[in-house]
Amino acid sequence: MTIVTDIPQNANSIPASATAGVQARRIGQKLLERFEAHIDPRECAVGSSQYNEKMTSRAIAAFAIQCYGATDDIEAGNAVCDSSSDGGIDAIYVSHVEKKVICVQAKYNQSGNSTWSLNDFLRFKDACSYLQREEYHRFDERVSSISQDIAVALDSIDYKFYFVMAHTGKTGAANQILADMQTWQSELNDDACVNTSTLPSSDYPFQVHLFSAEDISSAIQGQSLSAINLEDVEMMEYGKVSEPYNAYFGVVTGEQVSEWWSTHGTQLFSKNIRNILGQTDVNDSIKKTVLDEPSNFWFYNNGITVLVREANAHRRNTSDNARGLFTFHNISIINGAQTVSSIGLVGKQHNLPDDYLRSIRLQARFIVTDDNDLVKNITRANNHQNRVLGRDFASQEHEQVRLNKDLIVEGYIYQLLRTNEAQVTTEKTITIDEALNALVCANGTPSTVVTLKSQRGKFFENLEGSLYRSTFNSTVSGVTVINTVNFNKIIERKIHEKLSTINRQRDKKLYGILTHGNRYISAMMFKLDPSWKTRTIASYDDSALQLKFNTLTSSTELYLTQNHDGAYLARLFTNVEKTTAAMSYIQNVLNQSVS
């Protein structure tokens, strides 16, 4: 599982070992035995001379899906789409949970000494390009059947695309071919307006991977050795649940958690759908508590949930349940990966003594089950609970309280709290999210418009911070909120109306502008039409706004065609530099046309 930028140029020049063929055939046999029952044998008659070779190649594709997508074997097998009309993609899988799209081309090389040819690479590269352009007629019907899932991923900046070439041959590729692969990956990310020099390769939105015999063998071995047992786990104030499933719960210390992390690392989270999220505000908060308020950790933290295959309580545990020792077999932490990794990393980075870590207490529960379906359900449920967002705290912030009173005076309802219940809304109902969208776009600062599009939660992370205060402050009146929101609703309606009249495949660039550039369009319309800037509640000339809207969208389409014709628009409008340039250029052009 190696991204092409991490493969040295000379990797492929090393001769294959004398046992490479034996290893390749063993890998093929093992994967065929594992996935054969889950793969459609179409165009492969059982007993034919090509059956084993074709089905083994498909099994390799399924294994790549399983490794990159963290699927089970059945899902991986169902992702295989290899056929005579597959268009160059042998397997494809979309995960809306992990926000991944994985495309695989697979080859079974029984000699173990082959490498990727230029034709193999170019065919796969073309296939992935067709997929990005949503030209589904070029593919097998199995790819077309998940076109809506692919479209969701293409329309989002949150998904990562993994283009994986898997085979039982040598590591890497010939120098020129490897260079071409690296250039392709660079071009993909450049078109996505991503500065890869500032990111680790694992964070690239588009990644090209080579999955060789060595990688496959290591992955198989890693999976076979992945069962983790935790022995002599000490829990305080513990209890047991017996129905409908066995489970133990209690308080564990940071010292134990740090030891688990030091010993097992990310293998602790083999079934966690989110694993470690890296540098996040949640992680920073956990680390701050570890360092500044260790005695309050239990009160601030939600704890961890662990799935185990078997649990054994020690015979000498006290009858009052004040303290007990347990051994848990084949464990996976499915909720609390950020907690465990943060404690482990901070403990190591700051060389925290055992006594200090022992003062950290957190809640833990260990659920005993060997039911794979139940494991999936528990994992999914534990990672999809509603969480309190920063915007929920904003409902009590003094500027929001003031605006609420202002809007009441004007006969409007200011809805500050989120709700899942259907509510009767009127034209005079404004939500805090609508106010945020409108005020940010009315301010028109490119960097905040981009933040609104890509990381809107940041506005509410710090209610005393500059981002929030630039939007909600004492200069913003209730009338300003009403006028900007009403103006923005008109623009959003025009965007939706325009989208309903165009063909996504025929009008790809315009579709991308309307879909991904919606905040850009609103911000530009606020600049082009100042009629919202009144001290009384404004009324708007719809036909005048329509004229400006049409001019703006056509000018933007021309600008992007001339300057960013191959750009991935889902990411272009989240790039501050490119959005700033577009806003400045278009505003100058339109102002000159008016004058």
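Everything quoted here is computed from the prediction, not taken from an experiment.

1. A look at the environment of Thr448
- Mapped onto the elements of the fold, Thr448 is located in helix α18 (residues 446-454).
- Residue classification places Thr448 among the buried residues on the basis of a relative accessible area of 13%.
- Sequence separation between Thr448 and Cys44 is 404 residues, and the spatial gap between their C-alpha atoms is 56 Å.
- Beyond its immediate sequence surroundings of up to four residues, Thr448 is in contact with Val440, Phe459 and Leu467.
- Within polar-contact distance, the side chain of Thr448 engages the backbone oxygen of Thr445 at 2.9 Å.

2. Comments concerning unusual backbone geometry
- For the bond from Glu243 to Pro244, the omega torsion is -5°, close enough to zero to count as cis.
- With respect to the element layout, Pro244 can be found in the loop between β6 (230-241) and β7 (247-253).
- In this structure, Glu134 takes a positive phi of about 60° despite not being glycine.
- Of note, Glu134 is situated in the loop between α4 (118-132) and α5 (141-144).
- Glu134 sits in the buried class, given a relative accessible area of 13%.
- Positive phi, close to 55°, is recorded for Asn330, a residue that is not glycine.

3. Topic: the sheet that holds strand β11 (residues 332-335)
- Read from one edge of the open sheet, seven strands run β9-β10-β6-β7-β12-β8-β11, paired in mixed fashion. Unpaired on one side and paired on the other, β9 (310-313) and β11 mark the two borders of the sheet. Shown here is a sheet whose adjacent strand axes are inclined to one another by a mean of 40°, direction ignored.
- Where strand β8 (residues 304-308) lies against strand β12 (residues 361-368), five bridges are found, and the strand directions are parallel.

4. A short note on helix α17 (residues 432-443)
- Spanning twelve residues, α17 covers 16 Å between terminal C-alpha atoms, matching the ideal 16 Å at 1.5 Å per step.
- Among the twelve residues that make up α17, nine are buried, leaving the element largely enclosed by the rest of the structure.
- Buried within α17 we find Ile432, Ala435, Leu436, Asn437, Ala438, Leu439, Val440, Cys441 and Ala442.
- Where α17 ends, the next residue or the one after it, Gly444, has phi of about 75°, a positive value.

5. Some words on the confidence of the model for the chain
- With 93% of its residues at a pLDDT of at least 70, the chain reaches an overall mean of 89.
- Confidence drops under a pLDDT of 50 for residues 273-278, and excluding neighbours within four residues, the segment shows 18 contacts in the predicted structure.

6. Concerning the pairing of β6
- Looking at chain direction, β6 and strand β10 (residues 323-329) are connected through five bridges and run antiparallel. Along β10, the bridge assignment pairs Met235 with Gly324.
- Alignment of β6 against β7, held across four bridges, turns out to be antiparallel. Opposite Gly239, over in β7, you have Phe249 as the bridge partner.
- Counting the residues that bridge the hairpin from β6 to β7 gives five residues.

7. So, the pattern of salt bridges
- Throughout the structure, instances matching the rule amount to 29 salt bridges.
- A salt bridge links Arg323 to Glu234; the shortest N-O distance between them is 2.6 Å. Here the residue Arg323 occupies a position in strand β10, and Glu234 occupies one in strand β6, the gap between them amounting to 89 residues.
- The network of salt bridges with shared partners includes Arg493, Lys494, Glu497 and Asp542.

Cut-offs applied
Residues numbered from 1 in each chain as written. Predicted model: local features only at pLDDT ≥ 70, side-chain atom pairs only at ≥ 80, totals over all residues. Heavy atoms only, no water. Helix = DSSP H or I, 4+ residues; strand = E, 2+ residues; numbered from the N terminus. Buried < 20%, exposed > 50% of the residue type's maximum accessible area, 1.4 Å probe, protein only. Contact = heavy atoms within 4.5 Å. Polar contact = N/O pair within 3.5 Å; in protein donor to acceptor, adjacent residues only side chain to side chain. Pairing = 2+ DSSP bridges. Axes fitted to C-alpha atoms, helices over the stretch in contact; angles between N-to-C directions. Expected span 1.5 Å × (residues − 1). pLDDT = per-residue confidence, 0-100. Salt bridge = Lys/Arg side-chain N within 4 Å of Asp/Glu carboxyl O.

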